[in-house]
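# Structure assessment
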Amino acid sequence: MPSIKKRITTAWIKAVAATYGKKVGDIGYMFVNDERILEVNREYLGHDYYTDIITFDYCEGDTISGDLVISLDTVRSNAEQFGKDYDEELHRVIIHGILHLCGINDKGPGEREIMEQAENKALAMR
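To start, this report covers the structure provided alongside it.

### Thoughts on the side chain of asparagine 41
- Within the secondary structure, asparagine 41 is located in helix H2 (residues 34-45).
- Apart from the residues within four sequence positions on either side, asparagine 41 is in contact with Gly46, His47, Tyr49, Thr51 and Ile54.

### A few points about the nonpolar core
- If you look at the biggest cluster of nonpolar residues, it comprises 25 residues, and the most contacted ones within it are Ile70, Ile95 and Ile98.
- Those elements giving two or more residues to this core turn out to be helix H1 (6-18), strand S1 (23-32), strand S3 (63-71), helix H3 (72-82), helix H4 (86-101) and helix H5 (111-125).
- It is H4 that provides the largest number of residues to this core, a total of seven residues.
- Apart from residues lying up to four places away in sequence, isoleucine 70 is in contact with Met30, Phe31, Val32, Ile37, Asp52, Ile53, Val75, Leu90, Val93 and Ile94.
- Listed in part, the six residues of the second largest apolar core include Val32, Ile37, Phe56 and Val69.

### Section: H1
- Counted at 1.5 Å a residue, the expected span for H1 with its 13 residues is 18 Å, and the 18 Å between its end C-alpha atoms agrees.
- Those residues of H1 that are buried are in contact with S1, S3, H4 and H5.

### Describing the sheet that holds strand S2 (residues 53-57)
- Spatially, S1-S3-S2 is the arrangement adopted by the three strands of the open sheet, whose pairing is mixed. Where the open sheet ends on each side, the last strands, each with one partner, are S1 and S2. Shown here is a sheet whose adjacent strand axes are inclined to one another by a mean of 20°, direction ignored.
- Sheet topology places S2 next to S3; five bridges connect them, and they run antiparallel. Within the sheet, the bridge partner assigned to isoleucine 54 lies in S3 and is valine 69.
- Each of S1, S2 and S3 is contacted by H2, which is oriented at about 40° to S2, the strand it contacts most.

### With respect to the packing of aromatic side chains
- Counted according to the given criterion, the structure contains two aromatic pairs.
- Judged by centre distance (6.4 Å) and plane angle (5°), the ring pair of tyrosine 29 and phenylalanine 31 falls under stacked.
- Ring geometry for tyrosine 44 against phenylalanine 56: centres 5.5 Å apart, planes inclined by 80°, an arrangement best described as edge-to-face. Of this pair, tyrosine 44 sits in helix H2 while phenylalanine 56 sits in strand S2, placing them 12 residues apart in sequence.
- Looking at arginine 76, its charged tip hangs above the ring of tyrosine 86, at a distance of 4.1 Å from the centre.

What counts, and at which threshold
- Residues numbered from 1 in each chain as written.
- Predicted model: local features only at pLDDT ≥ 70, side-chain atom pairs only at ≥ 80, totals over all residues.
- Heavy atoms only, no water.
- Helix = DSSP H or I, 4+ residues; strand = E, 2+ residues; numbered from the N terminus.
- Contact = heavy atoms within 4.5 Å.
- Core = buried A, V, L, I, M, F, W, Y, C linked by side-chain atoms within 4.5 Å.
- Buried < 20%, exposed > 50% of the residue type's maximum accessible area, 1.4 Å probe, protein only.
- Expected span 1.5 Å × (residues − 1).
- Pairing = 2+ DSSP bridges.
- Axes fitted to C-alpha atoms, helices over the stretch in contact; angles between N-to-C directions.
- Phe/Tyr/Trp six-rings, centres within 6.5 Å; stacked < 30°, edge-to-face > 60°.
- Lys NZ or Arg CZ within 6 Å of the ring centre and 35° of its normal.

Written out as structure tokens, the structure is:
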């Protein structure tokens, strides 16, 4: 289990969500290894690859709710690959999932850049 300061992280997530006009409902976090996230990716999304996060969206109206499945193995390898601190990379991945719940996508043309800008803005609020 990663060492996350729950109160501080919750307040940060609420502040980020508020910038998108959203309130925070129930957010579940599942921290797994690479093999488990690959299983989840195959079972629920039909994707046969590793990833750092899978976000399940249960939002209703302006309240964000969902489950975030995070591979700590991939977070660690991404931190090493990009020369980032593990804690910073973990928070980037968490807020990435929250931003998906706020309605930001990253698969279409130009969307990845929008997501990266939103992640950077949110991390600066931390």
